[in-house]
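# Residue-level structural notes
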Amino acid sequence: MIVSCIARTFVAALLAADLLVGVRGDLCFMLYQMADNNLESFIRDDNAELIQSELIKDPTVTTWIYFDALNFGTPGEFPADKPLENIYNADGSELTERYEGSRYFTYDHGMSKMIVDTTLPGEQNSDSPDVLYNFAVHALTDCVAKGSTDYFFAFSSHGGGFAGFGGDENIARRGRRKLLQSNYQIVDALSQALTDVPGAPEKYDVLGFDACLMMSLGALDDFHGITKFYLASEAVEPGHGRD
């Protein structure tokens, strides 16, 4: 059954674009995982796969992840009542509690673990440009400070091509707003983040969507001004995303 959208490591695209560490320079990899919808189980699997990849273990790679999980408040509902696999607290202790809400993760090379850097308060609307902007600024600031030279921003969730990306389905907001963030809102948030972070590049080196339909001409036209390379799927994707 074709469900839609999710994000992988995009290693193949990095190779194609000559952006792998050791070819050009230090890589900043930023991933916006919106799992507050019917894709959470797939996005959890993708997150676990990314953590096991050799790419993020390279000491010249800085990895940042925004992960927004289901938050229905119903114990026993799969998979919202389970911890997130292979994610640790900042002190290195394993996350054991039920995972809900939104957090920033980063890979700590000293501990060789993906750790929680920031837990955001309350229920975040991941379709909000402000939420996207805040994550981008947080990640870019750290990457610039660490001397990153190549910047890859990736998205993971539902895609609607020219209509936009996302679909934060938190029950408290259903029926009161559209379930997509427009491409123009994404462009504005990401470009403003580049402007507001001293030392950030003028454009991202790669902008990627592991999401359905985002290689439509309309979407490409919207995003071409903020990235050197664009990676997306022309057609719909199965729930597990690209392999």
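By convention here, each chain's residues receive numbers from 1 onward along its written sequence. Owing to the predicted nature of the model, reporting of local features is limited to residues with pLDDT of at least 70; listing and counting of side-chain atom pairs is limited to 80 or more, with chain, interface and lining totals taken over all residues. Excluding hydrogens and water, the side-chain values take into account all heavy atoms of the structure.

Okay, the environment of Asp26 next. For Asp26, the position within the fold is in the loop between α1 (11–16) and β1 (27–34). Along the primary structure Asp26 and Pro59 are separated by 33 residues, whereas in three dimensions their C-alpha atoms are 8.9 Å apart. Any two residues having at least one pair of non-hydrogen atoms within 4.5 Å are treated as being in contact. Beyond its immediate stretch of four places on either side in the chain, Asp26 contacts Thr60, Lys146, Gly147, Ser148, Thr149 and Asp150. Under the DSSP-based scheme used, a helix requires at least four consecutive residues in state H or I and a strand at least two consecutive residues in state E, with every element numbered from the N terminus.

The next thing to look at is the state of the cysteines. Every disulfide links exactly two cysteines, by a covalent bond between their sulfur atoms. Two cysteine sulfurs form what is called a disulfide whenever their separation falls within 2.5 Å. Scanning all chains against the criterion turns up 1 disulfide. For Cys28, the disulfide goes to Cys143, at an S-S distance of 2.1 Å. Handedness here is read from the sign of the S-S torsion; for Cys28 and Cys143, about 70 degrees, the answer is right-handed. With Cys28 in strand β1 and Cys143 in helix α3 (residues 129–145), this residue pair connects regions lying 115 residues apart in the sequence. Take Cys28 and Cys143: they sit in the same class, and that class is buried. When accessible area is computed with a 1.4 Å probe and restricted to protein chains, residues below 20% of their type maximum are described as buried, those above 50% as exposed, and intermediate ones as partly exposed.

Here we take up the packing of aromatic side chains. By convention, a stacked pair of Phe, Tyr or Trp rings (six-membered ring in the case of Trp) has centres within 6.5 Å and planes under 30 degrees apart, an edge-to-face pair has planes over 60 apart, and any other such pair is tilted. Across all of its chains, the model carries 19 aromatic pairs by this definition. Taking 6.0 Å as the distance between ring centres and 50 degrees as the angle between the ring planes, the aromatic pair formed by Tyr66 and Phe135 counts as tilted. With Tyr66 in strand β2 (residues 61–68) and Phe135 in helix α3, this pair connects stretches of sequence that are 69 residues apart. With respect to burial, Tyr66 and Phe135 carry one shared label: buried. Through a chain of ring-to-ring contacts, three or more aromatic side chains come together here, namely Tyr32, Tyr66, Tyr104, Phe135, Phe153, Phe155, Phe165, Tyr204, Phe209, Phe223 and Tyr230. Here Lys113 stacks its cationic end above the ring of Tyr88, 4.4 Å away from the centre of that ring. Charge-over-ring contacts are defined here by two conditions on Lys NZ or Arg CZ: a distance within 6 Å of the ring centre and an angle within 35 degrees of the ring normal.

Turning next to helix α4 (residues 183–196). Given a helix with a known number of residues, its expected span is that number minus one, times 1.5 Å. In this model α4 runs 20 Å from its N-terminal to its C-terminal C-alpha over 14 residues, within 8% of the 20 Å that 1.5 Å per residue would give. Taken residue by residue, α4 has Asn183, Ile186, Val187, Ala189, Leu190, Ala193 and Leu194 as its buried positions. Down the axis, α4 shows its buried residues gathered within 170 degrees of arc, on one side only. Those residues of α4 that are exposed and angled more than 90 degrees off the buried face are Tyr184, Asp188 and Thr195. Those residues of α4 hidden inside the fold are in contact with α3, β6 (150–156), β7 (204–210) and α5 (217–223). Note: the arc covers the axis-to-C-beta directions of the helix.

What follows covers the packing of α3 against α4. Axis definition: a line fit to C-alpha positions, over the contact stretch in the case of helices; interaxial angles, taken between N-to-C directions, run 0 to 180 degrees. Between α3 and α4, whose axes approach to 9 Å, the crossing angle comes to 30 degrees. As the angle between them shows, α3 and α4 are arranged roughly parallel. In this structure, α3 meets α4 at a crossing whose hand is right-handed. Residues Pro129, Leu132, Tyr133, Ala136, Val137 and Leu140 of α3 touch α4, and the partners they reach there are Gln185, Ile186, Ala189, Leu190, Gln192, Ala193, Leu194 and Asp196. Here is the rule for angles: anything less than 35 degrees is roughly parallel, anything more than 145 is roughly antiparallel, 65 through 115 is roughly perpendicular, and the remaining ranges are oblique. Rotating anticlockwise by less than a right angle from the far helix to the near helix defines a left-handed crossing, while the corresponding clockwise rotation defines a right-handed one.

A few words now on the nonpolar core. Definition used in this section: a nonpolar core is a set of buried Ala, Val, Leu, Ile, Met, Phe, Trp, Tyr and Cys residues joined via side-chain atoms within 4.5 Å. Residues Met30, Phe153, Phe155, Leu190, Phe209 and Phe223 are the most contacted members of the largest nonpolar core, which totals 36 residues. Contributing elements (two or more residues each) for this core: β1, β2, α3, β6, α4, β7 and α5. Among the elements that line this core, the one with the most residues is α3, at 7 residues. Counting 25 residues, the second-largest nonpolar core is a separate cluster that includes Phe29, Ile43, Ile56 and Phe105.

Further remarks concern the pattern of salt bridges. Salt bridge, as used here, is a side-chain nitrogen of Lys or Arg placed within 4 Å of a carboxyl oxygen of Asp or Glu. In total, this model carries 4 salt bridges according to the counting rule given. Glu54 serves as the salt-bridge partner of Lys57, at 3.8 Å between the closest nitrogen and oxygen. Looking at Glu54, the relative accessible area reads 59%, which means it is exposed. Across the pair Asp205 and Lys228 runs a salt bridge whose closest N-O atoms are separated by 3.3 Å. Of this pair, Asp205 sits in strand β7 while Lys228 sits in strand β8 (residues 227–231), and the two are 23 residues apart along the sequence. For Asp205, a relative accessible area of 3% corresponds to the buried category. By relative accessible area, which is 52% here, Lys228 ends up exposed.

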